[in-house]
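# Structure at a glance
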Amino acid sequence: MQHNGWQTVTVASYAAFKAVVNNNGWDLDGAYGDQCYDLAFLLWYSIGYPQGWPVNGGTHLAKDIWTERETNKSYNGTQYFDLIYNLDDVKQGDVLIYDSTPYNEAGHVGLADEDYSTWHANNPSSYEFPILSENNGGTPYAGGGSYANIHGYDTRLFLGAFRYKSWIPTPPPPTPTSEGKFKFVLWARKIRDRKNVIY
């Protein structure tokens, strides 16, 4: 289904976002149809940013979302995104920004569909890391571009990534160790060590 104009979707989790977005077309800004940038617009706008974010310094190029990363990670005093500089650290749901090529001046933007480290361990010779994005292999839209879909994209063009902080899994709390038990363990070890000493 095609969706035109500024609107919001659920961002409760990457899985929830993907379920709504995938295999549908999104043209929020009305420019050139379903472009990769529209999914970035959709995510930022659904989080609570104003229309037109993430910004790109006026170039209208997806790669410049990363150029303006310090601006794009926060809004109105709240930091919504952490910046990821190393491909090995990419987790599912991170928003990946890709550089331009001689055939694609704009670069590209999409969301990681897997943790990179796990994927790379299973695909050590591949550069086609699976991402969710528009205008790359999906159902063509008559107004331009193509629907969102999961497809591979060349990791050698990786510039950096944004991690939406609300999608970071909460680690389990550490198991508490009482101080008394800890002291007893130290005392027991001390006695054991004394018994093993040969005089």
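See above for the structure.
Residues numbered from 1 in each chain as written. Predicted model: local features only at pLDDT ≥ 70, side-chain atom pairs only at ≥ 80, totals over all residues. Heavy atoms only, no water.

### Things to note about helix 1 (residues 14-21)
Threshold: Per-residue accessibility, obtained with a 1.4 Å probe over protein chains only, is compared with the maximum for each type, and a residue is labelled buried under 20%, exposed over 50%, and partly exposed between these values. To qualify as a helix, a DSSP run of H or I must reach at least 4 residues; to qualify as a strand, a run of E must reach at least 2; elements of each kind are numbered from the N terminus. To obtain the arc, one takes the directions from the helix axis to the C-beta atoms. Contact definition: two residues touch when any of their heavy atoms are within 4.5 Å.
Taken as a whole, helix 1 has its buried residues at Tyr-14, Phe-17 and Val-21. All buried residues of helix 1 lie within an arc of 65 degrees about the axis, which places them on one face of the element. With respect to the buried face of helix 1, the exposed residues turned more than 90 degrees away are Ala-15 and Ala-19. Each element contacted by the buried residues of helix 1 is listed here: strand 2 (25-27), helix 2 (36-47), strand 7 (108-112), strand 8 (128-133) and strand 9 (149-154).

### Considering the layout of surface pockets
Spelled out, the test is: Both cavities and pockets are sets of points on a 1 Å grid over the protein atoms alone; in a cavity a 1.4 Å probe fits but cannot get out, in a pocket the set is open with protein on both sides within 12 Å along at least five of seven lines, and lining residues sit with an atom within 4 Å of a point. Grid points are joined across faces, edges and corners, and a volume is the space filled by probe spheres set on the points. Here the term charged refers only to Asp, Glu, Lys and Arg, the term nonpolar to Ala, Val, Leu, Ile, Met, Phe, Trp, Tyr, Cys and Pro, and the term polar to all other amino acids, Gly among them.
Considering only enclosed or pocket space, the largest pocket measures out at about 430 Å³ in volume. Around the largest pocket, the lining is made up of 21 residues, and of these Tyr-32, Gln-35, Tyr-37, His-60 and Leu-61 lie nearest the centre. When the residues that make up the lining of the largest pocket are grouped by side-chain class, the tally is 9 nonpolar, 10 polar and 2 charged. In this structure, the second largest pocket occupies an estimated 220 Å³ of space. Lining the second largest pocket are 14 residues, and of these Lys-91, Gln-92, Trp-167, Ile-168 and Pro-169 lie nearest its centre. For the lining of the second largest pocket, the residue count by class is 6 nonpolar, 4 polar and 4 charged.

### Considerations on the packing of aromatic side chains
Formally: Any two of the Phe, Tyr and Trp rings considered here, Trp counted by its six-membered ring, make a pair once their centres fall within 6.5 Å; the pair's planes then place it as stacked at under 30 degrees, edge-to-face at over 60, or tilted in between. Charge over a ring is defined by NZ of Lys or CZ of Arg lying within 6 Å of the ring centre and within 35 degrees of the ring normal.
All told, the structure shown has 22 aromatic pairs when counted by the stated rule. Pairing Tyr-164 with Trp-167 gives two aromatic rings, centres 5.4 Å apart and planes at 75 degrees, and the pair type is edge-to-face. Judged by its relative accessible area of 8%, Tyr-164 falls in the buried class. The cationic tip of Arg-156 hangs over the ring face of Tyr-127; the distance from NZ or CZ to the ring centre is 3.8 Å.

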